[in-house]
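Chain by chain, the residues run as shown.
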Amino acid sequence: MDALTLLTTRRSNKKLTAPAPNKTQLKHIFQAALRTPDHGKLQPYHFVVIENEGLHKLEELLKEAVLEFNLGEERLKKAENLAHRAPMVIAVIAKITPDIPKVPEWEQLLTAGCAAYGIQLAAHAQGFDNVWITGKWVEGTALRQALGCREQDNIVALLMLGTAIEKVEREARQESMEEFVSYL
């Protein structure tokens, strides 16, 4: 797949099943993530692969976050299902180093976000579908602790990876570039 096809065909897909990437495929995925723009070479990210029994732990951590933030019964049901929508979840944590004038916190956060997108693109290039999940639960105390977050860190993504249950051919969006692009 050429680079432009890769960039223009990646879509989110929430209906995923096994197989997920294997160890060799994961190595390629993480190599791509490590190529993200990184001012100051801080590598302000950490990745946690969650699969097999880890998905049950993730379910419990998400449910704890729902209770912690009093998000209601509907979100509790969603938390129960969310952790099992894909055979693999990769948590992306922005490991922020505060007080670096040359590389402000917002820039470090963007680097971690770019790394998450690199994971999505590398997974897509190898034939896996994925979806980027966030929500209030990524701020849950137990989840943050389980993923090794310090106070200044942020969970920027729970990336669900797997094989599409059904390939849905979507029309490519024909966006009007004038809405998004201007020239100085």
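Residues numbered from 1 in each chain as written. Predicted model: local features only at pLDDT ≥ 70, side-chain atom pairs only at ≥ 80, totals over all residues. Heavy atoms only, no water.

**Brief notes about the UniProt feature "domain: Nitroreductase" (unreviewed entry) in the chain**
Move 1: Under the feature "domain: Nitroreductase" (unreviewed entry), the UniProt entry names residues 8–162.
Move 2: The span residues 8–162 is 43% helical and 19% strand by assignment, and the distance between its end C-alpha atoms comes to 19 Å. (UniProt positions renumbered as here; feature names shortened; annotations may be inferred. Helix = DSSP H or I, 4+ residues; strand = E, 2+ residues; numbered from the N terminus.)

**Concerning the pattern of salt bridges**
Move 1: Considering all chains together, one arrives at five salt bridges under this definition.
Move 2: Here lysine 63 ties to glutamate 60 by a salt bridge, and the two come within 3.4 Å at their closest N and O atoms. Of the two residues, lysine 63 and glutamate 60 are both situated in helix α3 (residues 53–68); the distance of three residues between them amounts to about one turn of the helix.
Move 3: A residue is classified by how much of its surface remains accessible, and lysine 63, at 18% relative accessible area, is buried.
Move 4: Lysine 136 is the salt-bridge partner of glutamate 139, the closest N and O atoms lying 2.9 Å from each other.
Move 5: Since its relative accessible area comes to 44%, glutamate 139 is described here as partly exposed.
Move 6: Residue classification places lysine 136 among the partly exposed positions, given a relative accessible area of 35%. (Salt bridge = Lys/Arg side-chain N within 4 Å of Asp/Glu carboxyl O. Buried < 20%, exposed > 50% of the residue type's maximum accessible area, 1.4 Å probe, protein only.)

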